[in-house]
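Structural description and commentary
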Amino acid sequence: MRDTVLVTGCHGLLGQKLLEILGNDFGEIHGFDLHPENWFQGLANYHYHQVDLKDRDDILRRVEQIKPGIIINAAAMTNVDACELERDLCWTVNVNAVKTLAEAAGEWDSRLIQISSDYVFDGEAGPYSELDRPNPVSHYGASKLAAEQIALQPGLGSTVLRTMVLYGHGRRLKPSFVAWLVMRLREKTPIKIVTDQIGNTTLVDDLALAIRKSLELNKTGLFHAAGRGILSRYEFAQQIAELYNLSTENMKPTLTKLLGQTAPRPLQSGLIVDNTEAALKMNFKDVLQALHAYREQEAAFN
């Protein structure tokens, strides 16, 4: 494919991986982010634009200049507790910006790829398929569901991919759950990990590959894109510790309700990925495969 691609949130974890995985197989790649400087100087066929997704007019003006064949929205406000406290900002970034991107996609006949979350579900009876009814319990989840509905409006020909517990390597990013856990265990810092949040974990490489496959195979609609295997965060932490040969002596199990978090979380969650694997002709990594791949990539980021 030689379409011009626009990646919003290009400096984030998924955005960075998309710049890598799309490479030279597409046409020019343009990135939108808030930072004043381009983090990827020298990347072939890549152009960076400082754009605030809260600014509708700026988004439309920049998209008109680029006229992309593909728009991948990898930008979002993802701090769930902050979304609960700053509801207007959350809606502006997670919903209104998608509305603007959808408007631009319709104007320039672009393919829109929107990233969503398992937080559109209430976590009462997971894992969930694409056919299950969403029922978000947090403002973040409500914003992601509203964004899905905008992207999937008839006639737009968009693709929405739901994911969860995304981790991986990137430049200048705050630590993912995996990096945070390894750091704390090495420091022998006492930590508490919940046993009652259940679901998939997802290496960012797999989500980026699913996006690429959806473009190559021209697949539109709603897909679940997450790692194979359903487990608790505590079980995930145990597998990380075992892989890194770290003691779990200072890691204690706890319950979500004891953490005093602002926003409610879907507990019995998880995403069923069978439909996506069949449609996109790919296989998502299981937990250990993904963790091994993550560790193999570490040298490039140290």
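Before any of the text, the structure's been laid out above.
Presented here is a report on the structure given in the accompanying data block.

So, how was this worked out
Residues numbered from 1 in each chain as written. Predicted model: local features only at pLDDT ≥ 70, side-chain atom pairs only at ≥ 80, totals over all residues. Heavy atoms only, no water. Phe/Tyr/Trp six-rings, centres within 6.5 Å; stacked < 30°, edge-to-face > 60°. Helix = DSSP H or I, 4+ residues; strand = E, 2+ residues; numbered from the N terminus. Buried < 20%, exposed > 50% of the residue type's maximum accessible area, 1.4 Å probe, protein only. Core = buried A, V, L, I, M, F, W, Y, C linked by side-chain atoms within 4.5 Å. Contact = heavy atoms within 4.5 Å. Axes fitted to C-alpha atoms, helices over the stretch in contact; angles between N-to-C directions. Left-handed = near helix turned anticlockwise from the far one by under 90°. Polar contact = N/O pair within 3.5 Å; in protein donor to acceptor, adjacent residues only side chain to side chain.

Here we look at the packing of aromatic side chains
Tallied over the full model, the rule gives 7 aromatic pairs. Relative to Tyr 140, the ring of Tyr 119 has its centre 5.6 Å away and its plane inclined at 75°; by these criteria the two rings are edge-to-face. Taken together, the residues span a long stretch of sequence, with Tyr 119 in the loop between β5 (111-117) and α5 (139-151) and Tyr 140 in helix α5 at a distance of 21 residues. Assigned by exposure class, Tyr 119 and Tyr 140 land together as buried. Look at Phe 177 and Phe 236: their rings are 5.8 Å apart centre to centre, the planes differ by 20°, and that puts the pair in the stacked class. Here the residue Phe 177 occupies a position in helix α6 (residues 177-187), and Phe 236 occupies one in helix α8 (residues 233-243), the gap between them amounting to 59 residues. Residue classification places Phe 236 among the buried residues on the basis of a relative accessible area of 0%. Through a chain of ring-to-ring contacts, three or more aromatic side chains come together here, namely Tyr 167, Phe 177, Trp 180, Phe 236 and Tyr 294.

Considering the nonpolar core
As a rule of thumb, nonpolar side chains are buried together in soluble globular proteins. One finds Val 5, Val 7, Leu 14, Ile 72, Leu 161 and Ile 211 to be the most contacted residues of the largest nonpolar core, which totals 38 residues. Counting residues per element, the ones that place at least two in this core are β1 (5-8), α1 (13-22), β3 (46-50), β4 (70-73), β5 and α7 (204-216). Element by element, the count of residues in this core is highest for α7, at 6 residues. Leu 14 has contacts with Ala 74, Ile 115, Leu 166, Val 204, Leu 207, Ala 208 and Ile 211, leaving out every residue within four places of it along the chain.

Overview of the packing of α6 against α8
At a closest axis distance of 10 Å, the pairing of α6 and α8 adopts a crossing angle of 60°. Handedness of the α6/α8 crossing: right-handed. Residues Phe 177, Val 178, Leu 181, Val 182 and Leu 185 of α6 touch α8, and the partners they reach there are Arg 233, Phe 236, Ala 237, Ile 240 and Ala 241.

A look at the side chain of Thr 163
Among the structural elements, Thr 163 can be located in strand β6 (residues 159-163). You can call Thr 163 buried: its relative accessible area is 7%. At 2.8 Å, the side chain of Thr 163 and the backbone oxygen of Ala 225 are in polar contact.

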